[in-house]
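Residue-level listing of the chains:
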Amino acid sequence: MPRRVSALEAAALLSTDGYLQLDVRSVAEFEAGHPAGAFNIPWVHMDARGRAPNAEFADVVERTFPDKATKLVLSCQSGNRSLQALGALEA
């Protein structure tokens, strides 16, 4: 069941419950620093015009994690993009 969790709860899920971390920040943000073992699939891409939606987000997630039973913790900088990304994956 999807739900918002604190950083401490996320760390517990990742370390003890077999979850994987999916960082939905931009490639540049991810490359500037990310948790060890995190996967990066950007929810939006940065281009000359600013942020543009990643139209392939859900498809890339499905190809990266083909087992529907895979448990994921989605993360970003503030929680907004990960919440939007979760909504897209649920749809």
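Relevant structure appears above.
If you're wondering where the values come from, they're calculated on a predicted model, not measured in any experiment.

What counts as what
Residues numbered from 1 in each chain as written. Predicted model: local features only at pLDDT ≥ 70, side-chain atom pairs only at ≥ 80, totals over all residues. Heavy atoms only, no water. Phe/Tyr/Trp six-rings, centres within 6.5 Å; stacked < 30°, edge-to-face > 60°. Helix = DSSP H or I, 4+ residues; strand = E, 2+ residues; numbered from the N terminus. Buried < 20%, exposed > 50% of the residue type's maximum accessible area, 1.4 Å probe, protein only. Pairing = 2+ DSSP bridges. Contact = heavy atoms within 4.5 Å. Polar contact = N/O pair within 3.5 Å; in protein donor to acceptor, adjacent residues only side chain to side chain. Arc of directions from axis to C-beta.

Side note on the packing of aromatic side chains
Note on aromatic pairs: each is described by the distance of the centres and the angle between the planes.
Next, step 1: Summed over all chains, the structure comprises 2 aromatic pairs.
Next, step 2: Geometrically, the ring pair formed by Phe-39 and Phe-65 is edge-to-face, given 5.0 Å between the ring centres and 75 degrees between the ring planes. Of this pair, Phe-39 sits in strand S2 (residues 39-40) while Phe-65 sits in the loop between helix H3 (57-64) and strand S5 (72-75), and the two are 26 residues apart along the sequence.
Next, step 3: Take Phe-65: its relative accessible area is 9%, and that puts it in the buried class.
Next, step 4: Taking the centre distance of 5.2 Å and the plane angle of 90 degrees together, the rings of Trp-43 and Phe-57 count as edge-to-face. Placement of the pair is Trp-43 in the loop between S2 and strand S3 (44-47) and Phe-57 in helix H3, with a sequence separation of 14 residues. Accessibility assignment for this pair places Trp-43 and Phe-57 in one class, buried.

Things to note about the pairing of strand S4 (residues 50-53)
Next, step 1: Here 4 bridges tie S3 to S4, and the two strands are oriented antiparallel to one another. Looking at S4, one finds that Val-44 is bridged to Pro-53.
Next, step 2: Between S3 and S4, which pair antiparallel and follow one another directly, the connecting turn spans 2 residues.

Brief notes about the sheet that holds S2
Next, step 1: On the basis of which strands lie adjacent, the open sheet formed by 3 strands has the order S2-S1-S5 and parallel pairing. Each edge of the open sheet carries a strand with a single partner, namely S2 and S5.
Next, step 2: Relative to S5, strand S1 (residues 20-23) is paired through 4 bridges, and the arrangement is parallel. Directly across from Gln-21, in S5, lies its bridge partner Val-73.

Some words on the environment of Thr-70
Next, step 1: Relative to the helices and strands, Thr-70 is located in the loop between H3 and S5.
Next, step 2: Setting aside residues up to four positions removed in sequence, Thr-70 forms contacts with Leu-20 and Phe-65.
Next, step 3: Of note is the side chain of Thr-70, whose polar atom sits 2.8 Å from the backbone oxygen of Asp-67.

So, the environment of Asp-23
Next, step 1: Summarising the element assignment, Asp-23 is placed in strand S1.
Next, step 2: For the pair formed by Asp-23 and Val-61, sequence separation is 38 residues and the distance between their alpha carbons is 11 Å.
Next, step 3: In terms of polar contacts, Asp-23 uses its side chain to reach the side chain of Arg-25, at 2.8 Å.

Regarding helix H4 (residues 80-90)
Residues spaced three or four apart along an α-helix point in a common direction, a consequence of the helix completing one turn every 3.6 residues.
Next, step 1: Residues of H4 that are buried include every one of Arg-81, Ser-82 and Ala-85, and no others. The buried residues of H4 occupy an angular sector of 95 degrees when projected down its axis, which confines them to one face. Exposed residues lying more than 90 degrees from the buried face of H4 are Asn-80 and Glu-90.
Next, step 2: Each element contacted by the buried residues of H4 is listed here: helix H2 (27-32), S3, S4, H3 and S5.

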